[in-house]
Amino acid sequence: MASNGGINSIVIIPWSSGIDSTGLIFKAHKENRKIHAHFIEMHQERFIKHIYESKHVEMLRSHIYKNYFHFDFSRSVFDLSLCPSGTRFWSEEVELVIVARLAVHFSGFFKKVEVWDGRIKEDDTNPSMTKRFSRRSSSFDFLKSLTWEIDNVELKTPFKDVSKKDIWNDILPEDVRKLTFSCNQPLLSGTCGKCKNCIDRRRIIK
Ligand SMILES: [Zn+2]
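Analysis parameters
- Residues numbered from 1 in each chain as written.
- Predicted model: local features only at pLDDT ≥ 70, side-chain atom pairs only at ≥ 80, totals over all residues.
- Helix = DSSP H or I, 4+ residues; strand = E, 2+ residues; numbered from the N terminus.
- Expected span 1.5 Å × (residues − 1).
- Contact = placed C-beta atoms within 7 Å.
- Buried ≥ 20, exposed ≤ 12 C-beta atoms within 10 Å, placed from the backbone.
- Pairing = 2+ DSSP bridges.
- Axes fitted to C-alpha atoms, helices over the stretch in contact; angles between N-to-C directions.

Engineer: Would you mind showing me how to read helix α2 (residues 49-67) here?
Structural biologist: One full turn of an α-helix is made of 3.6 residues, so residues set three or four places apart face in the same direction. Over its 19 residues, α2 extends 27 Å from the first C-alpha to the last, a length consistent with the 27 Å expected when each residue adds 1.5 Å. On its buried side, α2 packs onto α1 (19-30), β2 (35-43) and α6 (174-177).

Here it is in structure tokens:
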């Protein structure tokens with residue numbers, strides 16, 4: 001496929017084990033892209049989300065390898081207590097810097113590097129998500145501008161016109177759906193059932 005650079009291009013997918021980012025992996029595979037999924041184990045005081053995400057990433061990875069296809073994978077661990085205040089803002093910035101660093105690394109080996117962001121259709125009607133993406137997009141351009149000659153790196157949003165329900169129904173196989181993890185504030189006993197992600201998940205499963 002000349003349009004995506006064939007074997008000379010790579011797709012980096014920041015992977016959280018959620019529905020959207022796991023959907024991106026299946027989409028990239030369907031398009032015969034070379035995939036590098038990256039999971040950031042983000043430690044935050046009192047939060048245990050990273051423990052669940054880490055577990056689900058490993059379950060999904062072995063399941064997909066065994067039953068579907070292989071893809072490259074790496075992970076980083078970051079402790080947000082190293083930041084001045086352990087807020088959401090910092091976790092976004094940290095993720096961006098780690099992913100941009102990975103993109104710069106690959107830009108030396110591939111003609112084209114794409115970073116696939118998990119933005120979905122519903123985010124258009126969610127002001128905080130829209131703001132988040134435009135912040136991410138401009139920070140990404142800024143990070144690129146700091147590094148010498150990496151104009152072959154691009155931030156893309158393949159699901160910007162696709163709903164979460166479409167990803168669930170049309171992109172993820174049934175056995176894979178069950179292994180994804182969405183909750184934003186899990187408890188030791190499991191998913192909270194109350195956060196936006198839990199509500200969204202219940203809504204699309206219906
Ligand atoms: Zn939840």
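Alright, that's what it looks like, and here's the rest.
Engineer: Just checking my understanding: could you explain unusual backbone geometry for this structure?
Structural biologist: Comment: phi is negative for the bulk of residues other than glycine, and the bulk of peptide bonds are trans. Here S17, not a glycine, exhibits a phi torsion of approximately 80°, which is positive. Relative to the helices and strands, S17 is located in the loop between β1 (9-14) and α1. A residue is classified by how many C-beta atoms lie within 10 Å of it, and S17, with 21 of them, is buried. Of note in the backbone geometry, N32 takes a positive phi value of approximately 60° without being a glycine. Inspection of the secondary structure puts N32 in the loop between α1 and β2.

Engineer: How do you make sense of the sheet that holds strand β5 (residues 153-156) when you look at a structure like this?
Structural biologist: Paired through backbone hydrogen bonds, the strands of a sheet run either parallel or antiparallel to each other. Taking strand neighbours across the sheet as the criterion, the five strands line up as β3-β2-β1-β4-β5 in an open arrangement whose pairing is parallel. Edge positions in the open sheet fall to β3 (72-79) and β5, since each of these has one partner strand only. This sheet shows a mean twist of 25° between the axes of neighbouring strands, independent of strand direction. In this structure, β2 lies alongside β3, joined through eight bridges in parallel fashion. Counted as the bridge partner of M42 is F78 from β3. Here α1 sits on the sheet in contact with β1, β2 and β4 (112-116), set at roughly 165° to β1. Running over the sheet, α2 touches β2 and β3 and is turned about 155° from β2.

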